[in-house]
Amino acid sequence: MIDIHAHILPGVDDGAKNWEQSLEMARMAVADGITVMVATPHLFKGRSTDLTQLNTKEIILQHVAQLRHRLSEERIPLELIPGCDFPLGFESLKLLDDGRALTINDAKRYLLLELPDTSLPPAIEEICFHLQARGITPIITHPERHLVMQEMPYKLKRLIDLGCLVQMTGNSLTGWFGRRVKKIARQFVKLGYIHLLATDAHDPKRRPPLLSAAVAELSRLVGEKRARAMVSDIPGKIIAGEPCF
Ligand SMILES: [Fe+2]
């Protein structure tokens, strides 16, 4: 399986705290059947858009190179790809234009788009349009966990119609985030609003890098073939910078 959303790099955001945790997450992912993982730290280290607290392309690439080295030393067979969890906003768009923010695999084709926690800015469609004009497909991350999307799924449908892809957090389907999120996650899948699953892992315990149980749940809803595509073929094309459909 391929996981395109994971906060596995140590000490750069609210994900892995140190190298030991990163390696533990990598071991867990491999044991669960994940062979490729995109390391996607938040663009801003804190929650604010503080430009002095930025995970630039250079910082992420350096950390990925270091973690690859550690993985090979520890003989953990996990392929690591650089990426970024990109916050929705015009400030971050500017950083992308300046070459300071990273797209998935630096291919300039796909970008994980992180929504604000509780709101949905009116500019979202305009920002998606700006990205697409640059040849970049936005991937909306875990809408099943977002208050506005939960209440107004038509807002998600509208973004899909505009050409966005949608990534669900695998464990939303297993009940990890509670019954309400699980119910909405299942609804979104049945409506055909979900294109792929990822872990959005942050640590080994609270937000672990696991996908297999979610794929089993997903298989019951869409069949095994489609469920597999959502954790292999589609994320594979995203990493390669190829069209998904
Ligand atoms: Fe994330």
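Shown above is the structure to which this text applies.
Residues numbered from 1 in each chain as written. Predicted model: local features only at pLDDT ≥ 70, side-chain atom pairs only at ≥ 80, totals over all residues. Heavy atoms only, no water.

**Student:** So what's going on with the sheet that holds strand β8 (residues 196-198)? Which residues, and what values?
**Tutor:** If you walk across this open sheet you meet the five strands as β4-β5-β6-β7-β8, and the pairing is parallel. Sheet topology places β4 (85-87) and β8 at the edges, where each strand pairs with a single neighbour. Averaged over all adjacent pairs, the angle separating strand axes in this sheet is 40°, with direction ignored. As paired elements, strand β7 (residues 165-169) and β8 share three bridges and run parallel to each other. When the bridges of β8 are listed, glutamine 167 appears paired with leucine 196. (Pairing = 2+ DSSP bridges. Helix = DSSP H or I, 4+ residues; strand = E, 2+ residues; numbered from the N terminus. Axes fitted to C-alpha atoms, helices over the stretch in contact; angles between N-to-C directions.)

**Student:** An account of unusual backbone geometry is requested, with residue identities and associated values reported.
**Tutor:** Phi at arginine 75 is positive, roughly 55°, even though this residue is not glycine. Even without being glycine, lysine 108 reaches a positive phi, approximately 60°. Here lysine 108 is to be found in the loop between α3 (90-97) and β5 (110-114). Look at lysine 108 and you get partly exposed, because its relative accessible area is 44%. (Buried < 20%, exposed > 50% of the residue type's maximum accessible area, 1.4 Å probe, protein only.)

**Student:** So what's going on with the coordination of the iron ion? Residues and values would help.
**Tutor:** Within the protein, the iron ion binds to His5 (NE2), His7 (NE2), Asp85 (OD) and Asp200 (OD); these donor distances fall in the range 2.0 to 2.5 Å. Donor residues binding the iron ion come from one chain and are separated in sequence as H-x1-H-x77-D-x114-D. With histidine 5 in strand β1 (residues 2-6) and aspartate 85 in strand β4, this pair connects stretches of sequence that are 80 residues apart. Accessibility assignment for this pair places histidine 5 and aspartate 85 in one class, buried. (Donors = N, O, S within 2.8 Å, 3.2 Å for Na, K, Ca; no water.)

**Student:** Describe the packing of aromatic side chains, and please don't skip the residues or the numbers.
**Tutor:** Throughout the structure, instances matching the rule amount to one aromatic pair. With a centroid separation of 5.9 Å and 50° between ring planes, the pair formed by phenylalanine 188 and tyrosine 193 is classed as tilted. Each of the two residues, phenylalanine 188 as well as tyrosine 193, counts as buried. In this structure, arginine 145 packs its charged tip against the face of phenylalanine 177, placed 4.6 Å from the ring centre. (Phe/Tyr/Trp six-rings, centres within 6.5 Å; stacked < 30°, edge-to-face > 60°. Lys NZ or Arg CZ within 6 Å of the ring centre and 35° of its normal.)

**Student:** Can you lay out the pairing of strand β6 (residues 137-141) for me, pointing to particular residues and giving the numbers?
**Tutor:** Counting buried residues along β6, five of its five residues qualify, which places the element largely inside the surrounding structure. Judged by which residues are buried, β6 turns out to be covered on both faces: Thr137, Ile139 and Thr141 on one side and Pro138 and Ile140 on the other are all buried. Note: β5 against β6, four bridges, orientation parallel. Residue pairing across strands places tyrosine 110 opposite threonine 137, the latter belonging to β6. Here β6 pairs with β7 via three bridges, running parallel. Across the sheet, residue isoleucine 139 finds its bridge partner in β7, namely leucine 165.

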